[in-house]
Amino acid sequence: MADEQKHDIVVIGAGPGGYVAAIRAAQLGLDTAIVEKESALGGTCLRVGCIPSKALLEASERYVQAKKGDLKRFGVKVGEVELDLKAMMRHKKSVVDANTKGVDYLMKKNNVTVYRGHGRLDGPGAVVVAGADGETRVGANHIILATGSEVASLPGIELDGDRVVGSTEALDFTEVPERLVVIGAGYIGLEMGSVWSRLGSKVIVLEYLDRILPGMDAETAKKAHRIFKKQKLDIRTGVKVTGVTVDGDTVTVESEGKDPIEADRVLLAVGRKPYTENLGLDTVGIETDARGRVTTDGHFRTSAEGVYAIGDLIAGPMLAHKAEEEGVACVEWIANGWGHVDYDSIPGVVYTHPEIASVGKTEEQLKDDGVDYKKGVFPFSANGRARAIADTDGQVKILADAETDRILGAHVIGPRAGDLVAELAVAMAFSASSEDVARASHAHPTLAEAVKEAALAVDARPLHI
């Protein structure tokens, strides 16, 4: 083992939470190092998750527009359209490469030391990095665990990386499967199901619950379900999958009380679980909860002195931007004694078409909590810009406290919903009222005017419906 290196902070994991924490620590003048076992920095999100899936979602949507004649209404005539899957995958790879190289650059720019290899705790104040050239022992005053998550499994289902896969492999199919079964109608299942459906697969989505998008606003999810049905996604709710078997190139999905379903490939997308394998938690006395998460206090401190955890390892939504906020807050607390994340204003986005975005409380949560609220809704069918781009499915919904008018939640389904929800997340972070948003001038013609109109609708005074 090489001689011990010493730093103020060592971050294990170079995903969005980890590398952002390292950058902020370096900005604050701390001697910082980061440990990553993969060949490229960026974590699941940049390498095999958020970024590559969005590249395929965008590419497949453009293919559909050209293939199905959606461009004709704009006066654009297209000849015979063919899918070049290899070229589409090259586009995805180029996007991923650009992002991971960007993280490499940021580490160098901020003088962050990068250790390549598997990092694990090795008692108080120490990390051992097992790399290609052996093991290196790294000492640190503070250690941040940011190892992210991995695909969660189901009893009776074994991932083989070929016929039965997780999202990573589903991003790299070399041919369009004729029949694809997706188990799970959450973010990942609907996004990847949409990609391969657009490219020609017959996609069946199986969901255990009686609705899609568990945890999101029920009214918005119901609208999304109707739209996906029009897009030929075969979504079946209330299905308990009990097993998957592979026989040559055929996969059979068994479910309780239902006929077996045969497919060419099966994508398991029932969520993710914290990645703690060989992390050395036992060497410092850290235990995990029933869901495999590391327990922390309000400052991301674990039960071990000087060891912190952020992102998918701890409680809360498994979102890259949530991990980033926690990474910054954790480091700022270490350096300055203060760090904060506003968990009430963290948005979530499903990048299907239309996009679905949510921030804050749902109607169901407000009802369960006994909160008296007002609701304002505005459809994109009444928005001039949405009409101009021929993308009018969906709506903006704003929920505000009935007494104070403070915005408690917002739910958008429609064009560029993921961008539009940012305004409402900022408004909520500043405790804005629906009246505040309604009084702010929104450029015309823009999709953002639907946000203003929904805010006006909270007070029953929309101008364009």
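Thresholds applied
Residues numbered from 1 in each chain as written. Predicted model: local features only at pLDDT ≥ 70, side-chain atom pairs only at ≥ 80, totals over all residues. Heavy atoms only, no water. Pairing = 2+ DSSP bridges. Helix = DSSP H or I, 4+ residues; strand = E, 2+ residues; numbered from the N terminus. Axes fitted to C-alpha atoms, helices over the stretch in contact; angles between N-to-C directions. Salt bridge = Lys/Arg side-chain N within 4 Å of Asp/Glu carboxyl O. Buried < 20%, exposed > 50% of the residue type's maximum accessible area, 1.4 Å probe, protein only. Right-handed = clockwise from strand over helix to strand, strands pointing away. Left-handed = near helix turned anticlockwise from the far one by under 90°. Contact = heavy atoms within 4.5 Å. Nonpolar A, V, L, I, M, F, W, Y, C, P; charged D, E, K, R; others polar.

Undergrad: In this structure, what is going on with the sheet that holds strand S18 (residues 348–350)? I would like to understand it.
TA: Whether parallel or antiparallel, the strands of a sheet pair through hydrogen bonds between backbone atoms. Strand order in the open sheet formed by 5 strands is S18-S19-S22-S21-S20, with antiparallel pairing between adjacent strands. Whereas interior strands pair on both sides, the edge strands pair on one side only; in this sheet they are S18 and strand S20 (373–379). Direction aside, neighbouring strands of the sheet carry axes that sit 10° apart on average. The pairing of S18 with strand S19 (residues 355–360) spans 3 bridges and is classified as antiparallel. By the bridge assignment, valine 350 is partnered in S19 with isoleucine 356.

Undergrad: Honestly, the sheet that holds strand S12 (residues 241–247) in this entry has me stumped. Any pointers?
TA: Taken in spatial order, the 3 strands line up as S12-S13-S14 in an open sheet, and their pairing is antiparallel. Lying at the two open borders of the sheet, with one neighbouring strand each, are S12 and strand S14 (261–263). With direction set aside, neighbouring strand axes in the sheet form an average angle of 20°. Where S12 meets strand S13 (residues 250–255), 6 bridges bridge the pair, whose relative direction is antiparallel.

Undergrad: I tried to follow the pattern of salt bridges on my own but got confused; where do I start?
TA: It is possible for side chains bearing opposite charge to pair when their charged atoms get close. Scanning all chains against the criterion turns up 28 salt bridges. Put simply, glutamate 61 and arginine 198 hold a salt bridge, and the shortest N to O gap is 3.4 Å. Of the two residues, glutamate 61 sits in helix H3 (residues 50–67) while arginine 198 sits in helix H6 (residues 187–198), which places them 137 residues apart along the sequence. Summarising the burial analysis for this pair, glutamate 61 and arginine 198 share the class buried. Among the ionic pairs, lysine 375 bridges to glutamate 363, the shortest N-O distance being 3.1 Å. Taken together, the residues lysine 375 in strand S20 and glutamate 363 in helix H9 (residues 363–368) connect sequence positions 12 residues apart. Under the relative-accessibility criterion, lysine 375 is labelled partly exposed at 35%. Bridged by salt links that share partners, the residues Asp217, Glu219, Glu363, Lys375 and Lys397 form one connected network.

Undergrad: I keep staring at the pairing of strand S9 (residues 179–183) and nothing clicks. Help me out?
TA: On a regular strand, each side chain points to the face opposite its neighbour's, so the side chains alternate between the two faces of the sheet. Buried residues dominate S9, accounting for 4 of its 5 residues. Following the backbone out of S9, through H6 and into the adjacent parallel strand S10 (residues 202–206), one traces a crossover that is right-handed. In the sheet, S9 pairs with strand S15 (residues 265–268) via 4 bridges, with the strands oriented parallel. Following the sheet pairing, isoleucine 183 is matched in S15 by leucine 268.

Undergrad: Is there a simple way to explain the packing of H3 against helix H4 (residues 85–109) in this structure?
TA: When two helices pack together, their arrangement is given by the angle between the helix axes and by the axis-to-axis distance. One way to put it is that H3 packs onto H4 with a least axis distance of 9 Å and a crossing angle of 145°. Once H3 is placed against H4, the crossing between them reads as right-handed. Residue-level inspection shows Ile51, Pro52, Ala55, Leu56, Ala59, Ser60 and Tyr63 of H3 in contact with H4, the latter providing Met88, Met89, His91, Lys92, Val95, Val96 and Asn99. Across the contact of H3 with H4, the residue classes tally to 10 nonpolar, 3 polar and 1 charged.

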